[in-house]
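Read off the chains here:
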Amino acid sequence: MSEKATLEGEWELNYIILPGSSFEELYKEKKPVIRFDLTEQKFSGNTSCNSFAGKLKTDGPKIDFNEPFMMTKMFCPGEGENKFVETLKKVTTYSVSDGNTLNFISGDIGVMRFTRK
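Calculation rules
- Residues numbered from 1 in each chain as written.
- Predicted model: local features only at pLDDT ≥ 70, side-chain atom pairs only at ≥ 80, totals over all residues.
- Heavy atoms only, no water.
- Helix = DSSP H or I, 4+ residues; strand = E, 2+ residues; numbered from the N terminus.
- Buried < 20%, exposed > 50% of the residue type's maximum accessible area, 1.4 Å probe, protein only.
- Arc of directions from axis to C-beta.
- Disulfide = S-S within 2.5 Å.
- Pairing = 2+ DSSP bridges.

Chemist: Could you give an account of unusual backbone geometry, with specific residues and numbers?
Modeler: Phi is positive for Gln41, close to 55 degrees, though the residue is something other than glycine. If you check the backbone angles, Ser48 has positive phi at about 100 degrees while not being a glycine. In this fold, Ser48 is placed in the loop between strand S3 (42-46) and strand S4 (51-55).

Chemist: I'd like a description of helix H2 (residues 80-88), backed by residues and values.
Modeler: Every buried residue of H2 is listed here: Gly80, Glu81, Phe84, Val85, Thr87 and Leu88. Considered in projection along H2, the buried side chains sweep an arc of 165 degrees and stay on one side of the axis.

Chemist: Please provide a residue-by-residue account of the state of the cysteines, values included.
Modeler: If you walk through the whole model with that rule in mind, you get one disulfide. Across the disulfide, Cys49 is cross-linked to Cys76 (sulfur-sulfur distance 2.1 Å). Between Cys49 and Cys76, the S-S torsion sits near -90 degrees, and that sign places the bridge as left-handed. Of this pair, Cys49 sits in the loop between S3 and S4 while Cys76 is found in the loop between strand S7 (70-71) and H2, placing the two residues 27 residues apart along the sequence. Of the residues examined, Cys49 reaches a relative accessible area of 18% and is grouped as buried. The class for Cys76 is buried, based on a relative accessible area of 15%.

Chemist: Requested: an account of the pairing of S4, with residues and values cited.
Modeler: Pairing geometry for S3 and S4, over five bridges, is antiparallel. Paired with Lys42 across the two strands is Lys55, which belongs to S4. Between S3 and S4, which pair antiparallel one after the other, the connecting turn spans four residues, and Ser48 there sits at a positive phi close to 100 degrees.

What is shown is where atoms sit, not what they do.
Written out as structure tokens, the structure is:
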């Protein structure tokens, strides 16, 4: 299976690089989820509060979330959503290991990790 093909599907966040906050504090109620549809070249998901969707831009292991994407505008308590979106926009590459772990990397630092749902 190719690296890109393994990106397909739904992933749940289980790690985000966080200065000063714990993962559990940020995502008490619900963990963020991201879905990739490679046929349509789209991504979508939930920040733990609001839904989002956009056009998927990949080139080999490179991935880019800097193009504007749609997001609902419900009020979200806490910093979880902001941390998720800010970190997503810093991601430059990705890797999938064991077919079940998706790593988002900024430069050479792993900033987010997801588990296949």
